[in-house]
Amino acid sequence: MADPQEEPHPALDAAYAAARERVAEEDKRRQEELDAKKAKEREELQREEEEWLDHIRDAKPKTVWLVAIDGSEEAMLGARRCFELAGTDDGIYLLHIIEKKGHLKQESHESTETWGIRTKEYYEAAEYEGKLQLKRAQELEQKIREEKEVAQGKGKGDGKTLRRLFVTASIVTSNDAREEICNQATELGAHILVVGSKGKGRMERAPLGSVSTYVILKLLQKFLIESSLITAILSIILLCRLL
């Protein structure tokens, strides 16, 4: 006698086949809807970017901010203040400088190959660290814009409504960071320069750090130095005297 489980059931098999077909069709329909939705979102994003590019192509920033990022908390605090104050019609340049250190000179006992490897490793590590610092600053700028949109009830809270005219980041190598900051500020036509002020300690340091002091004396232009309140006041007084 044949096993009843092995007996053919045409009607049941047809029902199963039809059910599988309906499920496959439903999955296909949902996938097509999802693909269409994603394609529409991509088109919308592309359209927004094209409109934004058209907007900034011939636009000139009302204020150009040059923000020197060196990895210190003072510099990042200064960048935060810049992001809080800058308007949507402003442009922001983030600058990280890799200084050519004296200890990278080839030692008398060192072979050219060894010196080359050591120099390459130094610059690779410095560039990697610079990219991390600039990325951190860019993420901070995005976060502040999103927070502003939420607080002001504008846009979707994604930072696009209040984004700046432009925010760019670059890494340069220089023998002297102070000179490079001055050169970049002059070349970009920066209206406001943001640098960090740091020193040895409360009793030992001057009101302004060596880099910031040099830059003020060199440029004689608008600047913003993020430090303590007393240092900020002294900075303004010094700037007024210089101007």
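Just so we're clear, the structure is a prediction, and the values are computed from it rather than from any experiment.

Analysis parameters
Residues numbered from 1 in each chain as written. Predicted model: local features only at pLDDT ≥ 70, side-chain atom pairs only at ≥ 80, totals over all residues. Heavy atoms only, no water. Core = buried A, V, L, I, M, F, W, Y, C linked by side-chain atoms within 4.5 Å. Buried < 20%, exposed > 50% of the residue type's maximum accessible area, 1.4 Å probe, protein only. Helix = DSSP H or I, 4+ residues; strand = E, 2+ residues; numbered from the N terminus. Contact = heavy atoms within 4.5 Å. pLDDT = per-residue confidence, 0-100. Expected span 1.5 Å × (residues − 1). Axes fitted to C-alpha atoms, helices over the stretch in contact; angles between N-to-C directions. Left-handed = near helix turned anticlockwise from the far one by under 90°. Nonpolar A, V, L, I, M, F, W, Y, C, P; charged D, E, K, R; others polar. Phe/Tyr/Trp six-rings, centres within 6.5 Å; stacked < 30°, edge-to-face > 60°. Lys, Arg positive; Asp, Glu negative; His and termini not counted. Salt bridge = Lys/Arg side-chain N within 4 Å of Asp/Glu carboxyl O.

Some details on the nonpolar core
Link 1 in the chain: Grouped together as the largest cluster of nonpolar side chains are 16 residues, with contacts concentrated most on W65, V67, I69, C82, F83, I92 and L94.
Link 2 in the chain: Of all elements in the fold, only β1 (64-68), α2 (73-85), β2 (91-99), α3 (112-152) and β4 (192-196) reach the threshold of two or more residues within this core.
Link 3 in the chain: Once residues within four sequence positions are removed from consideration, I69 is found in contact with A75, M76, A79, L95, H96, Q133, L134 and A137.
Link 4 in the chain: Counting residues in each nonpolar core, the second largest holds 14 residues, with A177, C182, A185 and A190 among its members.

Section: the confidence of the model for the protein
Link 1 in the chain: When pLDDT is averaged along the protein, the result is 76; 77% of the residues meet or exceed 70.
Link 2 in the chain: Considering only residues more than four positions removed or in separate chains, one finds that residues 199-208, a stretch of pLDDT under 50, has twelve contacts.
Link 3 in the chain: Here residues 225-233 scores under 50 on pLDDT; set against residues more than four positions off or in separate chains, the count is 16 contacts.

Brief notes about α3
Residues separated by three or four positions in an α-helix point in the same direction, a consequence of the helix having 3.6 residues per turn.
Link 1 in the chain: Taking 1.5 Å per residue as the helical rise, α3 with its 41 residues ought to reach 60 Å, and the 60 Å between its terminal C-alpha atoms agrees with that figure.
Link 2 in the chain: Taken together, the buried positions of α3 are occupied by T119, A126, G130, Q133, L134, A137, L140, E141, I144, R145 and E149.
Link 3 in the chain: Buried residues along α3 sit in contact with α2, β2 and β3 (166-174).

Examining the environment of E180
Link 1 in the chain: The residue E180 is located in helix α4 (residues 177-188) in this model.
Link 2 in the chain: For the pair E180 and E99, spaced 81 residues apart in the sequence, the C-alpha separation amounts to 9.6 Å.
Link 3 in the chain: The contact partners of E180, leaving out residues within four places of it in the chain, are I97, V172 and S174.

Some remarks on the packing of α2 against α3
Link 1 in the chain: It is at 10 Å that the axes of α2 and α3 come closest, and there the two elements cross at 35 degrees. Crossing angle aside, the handedness with which α2 passes α3 is right-handed. Taking contact as the criterion, the partners of E73, M76, R80, F83, E84 and L85 in α2 are, on α3, Q133, R136, A137, L140, E141, I144 and K148.
Link 2 in the chain: Its residues placed into classes, the contact of α2 with α3 shows six nonpolar, one polar and six charged.

Some details on the packing of aromatic side chains
Link 1 in the chain: Counted by the stated rule, this structure contains two aromatic pairs.
Link 2 in the chain: Both rings, one in Y93 and one in F166, keep their centres 5.0 Å apart while their planes meet at 65 degrees; by these two values the pair is edge-to-face. With Y93 in strand β2 and F166 in strand β3, the pair connects residues that are 73 residues apart, well separated along the chain.
Link 3 in the chain: Residue class for Y93 comes out partly exposed when judged on its relative accessible area of 24%.
Link 4 in the chain: Here Y122 and Y123 contribute two aromatic rings whose centre-to-centre distance is 5.1 Å and whose plane-to-plane angle is 70 degrees, an arrangement assigned as edge-to-face.
Link 5 in the chain: Y123 gets classed as partly exposed once you look at its relative accessible area, which sits at 24%.

Focus on the side chain of E149
Link 1 in the chain: Positionally, E149 belongs in helix α3.
Link 2 in the chain: R145 provides the closest opposite charge to the buried, unpaired E149, separated from it by 5.7 Å.
Link 3 in the chain: Among residues more than four places away in sequence, those in contact with E149 are K154, K156, G157, D158, G159, K160, T161 and L162.

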